[in-house]
Amino acid sequence: MSNIIEQYRTSKSGLQDAIRRLRTNIQFSSVDKPVQSIVVTSVMPHEGKSSVSSYLAIAMAETGKKTLIIDCDCRRPMIASYFKQRPPYGLTEIIAGEVLPEHAVSQTEQENLFFIDTKTLANPVEVLGSKRFADVFARLKQSFDMIILDTPPLCSFIEAALLAREADGTVLVIRPGATEIAAAKEAVAQLEKAEARLLGVALNGVKESGTHYYYSRYYSDGLRKRRKKRLTLFERIGFKKKKRK
């Protein structure tokens, strides 16, 4: 099976267009404070957050940005499997102080795209919420233009909320028809409680009228105006955009 970079390159244009729209909306979400670090999470498991994280990282790297994707899902790591690479070192060894962060960074087939793998951990909250991780994250931000953190689902675990507090923004992946509205409201409440900046929602697995391809579509409050009879997903889950200080 091909890796996710080859899948992206050979996919139908609809997927690429949707991911690039997601990239563009993120880049223009703040003029005063450019987004350099993004948490990508989902409401529930199996909503495609890791594939969206990977596609978004590829799209960012396409623009010439030196991009790093870190697998922070220490319960069910997927990024290394998607890229078909198994590095000797990863996040676990960095936090343990066994290797320097730069020695655990692996280059992918995509120019400007790198990733850090992780192993399944028994205590991911303690690791990702540690000062050691915060120091490593700050160090990596000095070396990369864009960092994407792939995290566990919000309604199952707390890691995404912890990391969202430290990142410049969060993208919430939702699969229409599978995600319960009550669960989505709870996920948004968690992010608001963590004082995270929710950039928007990526609707994953939506089929555009007249086509049959799989793709993600991005909605951001204020970017798209809908008719009153057709509520945006943000309105349905009760999201209110906060004013930035």
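So, here is what we can say about the structure in this document.

Rules and cut-offs
- One numbering rule holds for all chains: residues counted from 1, following each sequence as written.
- In keeping with the model being predicted, local features are shown solely for residues with a pLDDT of at least 70 and side-chain atom pairs are shown and tallied solely at 80 or more, while totals for entire chains, interfaces and linings include all residues.
- Only hydrogens and water are removed before side-chain values are computed, so all heavy atoms of the structure are retained for them.
- The rule for a disulfide is simple: a pair of cysteine sulfur atoms within 2.5 Å.
- Each residue's exposure class comes from its accessible area (1.4 Å probe, protein chains only) as a fraction of the maximum for that residue type: buried when under 20%, exposed when over 50%, partly exposed otherwise.
- Aromatic rings from Phe, Tyr and Trp, taking only the six-membered ring of Trp, are treated as a pair when their centres fall within 6.5 Å; an angle between ring planes under 30 degrees marks them as stacked, one over 60 as edge-to-face, and anything in between as tilted.
- Numbering of helices and strands runs from the N terminus, with a helix taken as a DSSP run of H or I at least four residues long and a strand as a DSSP run of E at least two residues long.
- By definition, being over a ring means that NZ of Lys or CZ of Arg is both within 6 Å of the ring centre and within 35 degrees of the ring normal.
- Contact criterion: two residues are considered in contact whenever any of their non-hydrogen atoms come within 4.5 Å of each other.

1. Observations regarding the state of the cysteines
Here is step 1: Going through the model one piece at a time under the given rule, you end up with zero disulfides.
Here is step 2: Cysteine Cys-72 is unpaired, with the sulfur of Cys-74 as its nearest cysteine sulfur at 6.5 Å.
Here is step 3: What makes Cys-74 buried here is its relative accessible area of 0%.

2. Side note on the packing of aromatic side chains
Here is step 1: What the rule picks out here adds up to four aromatic pairs.
Here is step 2: Plain terms: the ring middles of Tyr-8 and Tyr-55 are 5.9 Å apart, the flat faces sit at 35° to each other, and that makes the pair tilted. With Tyr-8 in helix α1 (residues 4-10) and Tyr-55 in helix α3 (residues 49-62), the pair connects residues that are 47 residues apart, well separated along the chain. Judged on exposure class, the residue Tyr-8 and its partner Tyr-55 are both buried.
Here is step 3: Ring geometry for Phe-133 versus Phe-137: centroids 6.2 Å apart, planes at 20°, classification stacked. In this pair, Phe-133 and Phe-137 both sit in helix α7 (residues 131-141), four residues apart, roughly one turn of the helix.
Here is step 4: A relative accessible area of 6% means that Phe-137 is categorised as buried.
Here is step 5: Over the ring of Phe-144 we find Lys-66, and its NZ or CZ is 4.9 Å from the ring centre.
Here is step 6: Geometry around Phe-137 places Lys-141 over its ring, the cationic atom sitting 4.8 Å from the centre.

3. Overview of the environment of Leu-154
Here is step 1: Within the secondary structure, Leu-154 sits in the loop between β5 (146-150) and α8 (159-166).
Here is step 2: Overall, the relative accessible area of 1% leaves Leu-154 in the buried class.
Here is step 3: Considered as a pair, Leu-154 and Thr-41 are 113 residues apart in the sequence and their alpha carbons are 6.8 Å apart.
Here is step 4: Non-local contacts of Leu-154, meaning those with residues more than four positions away in its chain, are made with Thr-41, Ser-42, Val-43, Ala-160, Ala-161, Leu-172, Ala-187, Gln-190 and Leu-191.

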